[in-house]
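Geometric and topological summary
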Amino acid sequence: MNLLVTGGTGFIGKELLKHLTTCSITLLTRDEQTARQTLHHTDCGNIRYVNSLSDFDDLNEFDAIINLAGEPIADKRWSEAQKKRICESRWKTTETLVELIHASNEPPTVFISGSVGRLLR
């Protein structure tokens, strides 16, 4: 199974990836070096790291998407500005994934999202 995973270095993502060792994973990450360090015990050579969804015109190559991306929620005080960062970080990624699904001729058959989008068409 070929998976696109966002948020794979987060609290849930790190644990999930430990169980997906038989899958081919493309991991969206803001910082490849940090992601490699964080996942060094998990990466069995089955993870490809990408820095941006703009690398894709569509998501035809994937069987499923697991979207866990977003600003961490537990490491900072929830000021109004932080709440805005948390929401917008999740909305933007989710909306971009939905746009790429719509651009696909053979889109992934599964889309699991722990992040909420404002506008799912």
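Relevant structure appears above.
Residues numbered from 1 in each chain as written. Predicted model: local features only at pLDDT ≥ 70, side-chain atom pairs only at ≥ 80, totals over all residues. Heavy atoms only, no water.

Its location among the elements puts glutamine 82 in helix H3 (residues 80-102). The exposure class of glutamine 82 is buried, given its relative accessible area of 1%. In this structure the C-alpha to C-alpha distance between glutamine 82 and glutamate 71, which are 11 residues apart in sequence, comes to 8.9 Å. (Helix = DSSP H or I, 4+ residues; strand = E, 2+ residues; numbered from the N terminus. Buried < 20%, exposed > 50% of the residue type's maximum accessible area, 1.4 Å probe, protein only.)

A few words on the sheet that holds strand S3 (residues 47-50). Taken in spatial order, the five strands make up an open sheet running S3-S2-S1-S4-S5, and their pairing is parallel. Looking along the sheet, the strands with just one partner apiece sit at the ends: S3 and strand S5 (110-113). Each strand of the sheet is rotated relative to its neighbour by a mean of 15°, with strand direction disregarded. As paired elements, strand S4 (residues 64-67) and S5 share four bridges and run parallel to each other. Note that in S5 the partner of isoleucine 66 across the bridge is isoleucine 112. (Pairing = 2+ DSSP bridges. Axes fitted to C-alpha atoms, helices over the stretch in contact; angles between N-to-C directions.)

Looking now at the packing of aromatic side chains. The final tally for this structure, using the stated rule, is one aromatic pair. Taking the centre distance of 5.6 Å and the plane angle of 70° together, the rings of phenylalanine 56 and phenylalanine 62 count as edge-to-face. Each member of the pair, phenylalanine 56 as well as phenylalanine 62, carries the same accessibility label: buried. (Phe/Tyr/Trp six-rings, centres within 6.5 Å; stacked < 30°, edge-to-face > 60°.)

All right, on to the pattern of salt bridges then. Side-chain pairing between opposite charges can occur once the charged atoms of the two side chains come close. This model, assessed by the stated rule, comprises four salt bridges. Between glutamate 15 and lysine 18 there is a salt bridge whose closest N-O contact spans 3.1 Å. Look at glutamate 15 and you get partly exposed, because its relative accessible area is 41%. For lysine 18, a relative accessible area of 46% corresponds to the partly exposed category. (Salt bridge = Lys/Arg side-chain N within 4 Å of Asp/Glu carboxyl O.)

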